[in-house]
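# Architecture and fold: a report
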Amino acid sequence: MVNLKISKSAQFQIQQMAFMIIAIFIFFALAAIFVLQISLSDLEGSSADIKTEKAINFLSTIPSMTELSFDDSCPNCLDRDKLVVLSDFGVEYKRFFPLESLKAFKVYPVPEDNIVAGELNCPSRDCIVIFEGSNTSFQEYATFVPVCTKSRRQGILRKECEVWKLVGGIELRE
Amino acid sequence: MENKKAEFGFIWIFAILAGVAILLFMIYGATKIIDTSQVIEDTKLAAILSSNLDLLEAGSAQSIQATIRLNKPTNLSIGCFEVGYGDNRIQVSSGKSGSNEWSTGEEIVVSDKYIFSDRTEASKVLEINSRPFSYPYKIADLIFITSTSYCFVNTPSEIMSLYSSLKGISFDNCTRDQTSVCFGAYGCNISVEGLCTGLACNSEYDYGTVRKDGRSIPYADSLLLAAIISDSQTYECNVKRLMFRGGKIAEILLAKSQITRARGCNTALDSYLELLALSFPNYDSSDFLSNTESILEIDRLNNQEVCGLW
């Protein structure tokens, strides 16, 4: 009878200890999950920052790419003819460029012919979509660039430039 | 009394065992978290580097250079995938503090860059140079990452004017820790032989071969520096990627020539561009030896045109 009592008390204490250990374990596990959650949100934030930085840096390098550059007389200009041509190669270049979407539209002189209900008709002569994003949620970044064309009349070479806006989009993860 | 003793002893043994198990588990968890955070840091460094390489591209400049100082010895490994446009993969490994082990970050894939480097560069200081590669039009900016110091010997003036401003390269008076590069001579770690002799050549070294580690590596234009610093595997892979892009640019220029013709800007380069669009995707570095003089001639023809396609 005495033995049974003692053994029951021991059992109870062991159970108490086991519950305590489980409680401590759960406490530390929750604390670890909390810390991980904070560091992961930090990581997502810095990943988005790096992506944004990359998109902005990339937009600034586009005028130096032969696929879109004008000529040596204007190193920061885009070639309008190449913009038109590149829109036919959009699917291939979407895999190559670190952007989700890329388009360009005329800003100056104001493209009055292609404005419908106060908005620029796109795609049109004044708005060239090189490739579009498949994802609906993406953030867009823009830069203004001179867009030029060359023509030759009566043996004289003419270069004409307009101001366009180059807009690149990057995917947003929700 | 004896039973109570046994009970007391058992509880203590159980508590000690459980405590040790929890402690070991926590130490293991903490080590894993530290390891993971180091992998994250290495991955972040590779991602930041890949993002900032855009700023280090030569663009319209003849060359751009930068020095990266890291706070601990870091291995930078550049992988290369050559199918189609292909890509370069940047992977950073850094030493774990207090041990000889290294942690390695995830690979960061960059498809719009052409990075040449020794496969693994362990250093606290990295020199980054960028120069455009034209063949016959500009195909891309090449990025050279190295921690090795090079000494150019018997350097022709045209090469000296191109490379004298680059960090990590000195001329003559070589020291023991430098890798020597001889132009038109032997007896150095690396030797360069220029083969351009035609009328369209600007210099004997417009194309040629770089001999190192018992291998002869053909180069053209600014790929000279790439052949000197890069391992042959990365070099060949990036050459294939560059030439694939070169072929696409030929297609774009060909389509552009159709548009500009309507505005009086005729060109006689269509047939050449068709040829380049077809042949470039199958190029490897050995084709530089047989074709570079024709390519230089195409560039000369473009410069003579009123409108010019590039």
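Cut-offs used in this document
- Residues numbered from 1 in each chain as written.
- Chains lettered and ligands numbered in written order.
- Predicted model: local features only at pLDDT ≥ 70, side-chain atom pairs only at ≥ 80, totals over all residues.
- Helix = DSSP H or I, 4+ residues; strand = E, 2+ residues; numbered from the N terminus.
- Rg over C-alpha atoms; globule rule 2.2 N^0.38 Å.
- Buried ≥ 20, exposed ≤ 12 C-beta atoms within 10 Å, placed from the backbone.
- Contact = placed C-beta atoms within 7 Å.
- Axes fitted to C-alpha atoms, helices over the stretch in contact; angles between N-to-C directions.
- Parallel < 35°, antiparallel > 145°, perpendicular 65-115°, else oblique.
- Left-handed = near helix turned anticlockwise from the far one by under 90°.
- Nonpolar A, V, L, I, M, F, W, Y, C, P; charged D, E, K, R; others polar.
- Pairing = 2+ DSSP bridges.

## Thoughts on the overall build of chain A
When helices and strands are counted, chain A shows three helices and seven strands. Scanning chain A from its N terminus toward the C terminus, one meets helices and strands in the order α-β-α-α-β-β-β-β-β-β. Taken over the C-alpha trace, chain A has a radius of gyration of 31 Å; the compact-globule value for 174 residues is 16 Å, which it surpasses by more than 25%. By its C-alpha atoms, chain A is 120 × 40 × 25 Å across when sized along the principal axes. Relative to its 174 residues, chain A shows a buried fraction of 24%. Excluding contacts between residues fewer than 6 apart, the proportion of contacts in chain A whose partners are at least 24 apart in sequence is 65%.

## Regarding the packing of helix α2 (residues 80-88) of chain A against helix α4 (residues 232-261) of chain B
Interhelical geometry of α2(A) versus α4(B) gives an angle of 120° and a closest axis separation of 9 Å. Taken together, the axes of α2(A) and α4(B) are oblique relative to one another. As for the relative orientation of α2(A) and α4(B), their crossing is right-handed in sense. Judged by residue contacts, A:Asp81, A:Lys82, A:Val84, A:Val85 and A:Leu86 of α2(A) engage B:Ile252, B:Ala255, B:Lys256, B:Ile259 and B:Thr260 from α4(B). For the contact of α2(A) with α4(B), the per-class residue count stands at six nonpolar, one polar and three charged.

## What to know about the sheet that holds strand β5 (residues 127-131) of chain A
Residue and element names in this part refer to chain A. Taken together, the five strands give an open sheet; going across it, the order is β1-β6-β7-β2-β5, and neighbouring strands pair in mixed fashion. For this open sheet the edge positions go to β1 (78-79) and β5, each flanked by a neighbour on one side alone. Note that β1 and strand β6 (residues 138-153) share two bridges and pair parallel. Residue Asp79 lies in a different strand from β6, and its bridge partner there is Cys148. Against the sheet, α2 contacts β1, β2 (101-108), β5 and β6, and its axis sits at roughly 45° relative to β5.

## Examining the interface of chain A and chain B
Many authors give the size of an interface as the accessible area that is lost as the parts come together. Tallying the contact residues gives 39 residues for chain A and 40 residues for chain B. Within the residue set of the side of chain A that touches chain B, elements represented by two or more residues are α1 (2-61), α2, α3 (90-96) and β6 of chain A. The biggest single contributor to the side of chain A that touches chain B is α1(A), with 19 residues. Each residue belonging to the side of chain A that touches chain B can be placed in one class, and the counts come to 21 nonpolar, eight polar and 10 charged.

## A closer look at the pairing of strand β5 (residues 114-117) of chain B
Looking along a regular strand, one sees side chains alternate from face to face of the sheet. Residues and elements named next belong to chain B. Here β5 shows two buried faces, one formed by Tyr114 and Phe116 and the other by Ile115 and Ser117. Note: β5 against strand β7 (residues 138-146), four bridges, orientation parallel. Among the inter-strand pairings, Phe116 is bridged to a residue of β7, identified as Phe144.

## Examining the pairing of strand β2 (residues 87-95) of chain B
All names here are of chain B. Here eight bridges tie strand β1 (residues 64-81) to β2, and the two strands are oriented antiparallel to one another. From the neighbouring strand, Leu76 faces β2, where its bridge partner is Val92. Between the end of β1 and the start of β2, which pair antiparallel, lie five residues, with Gly84 showing a positive phi angle near 65°. One ladder, built from three bridges, connects β2 with strand β4 (residues 108-110); its direction is antiparallel. Among the inter-strand pairings, Asn88 is bridged to a residue of β4, identified as Val110.

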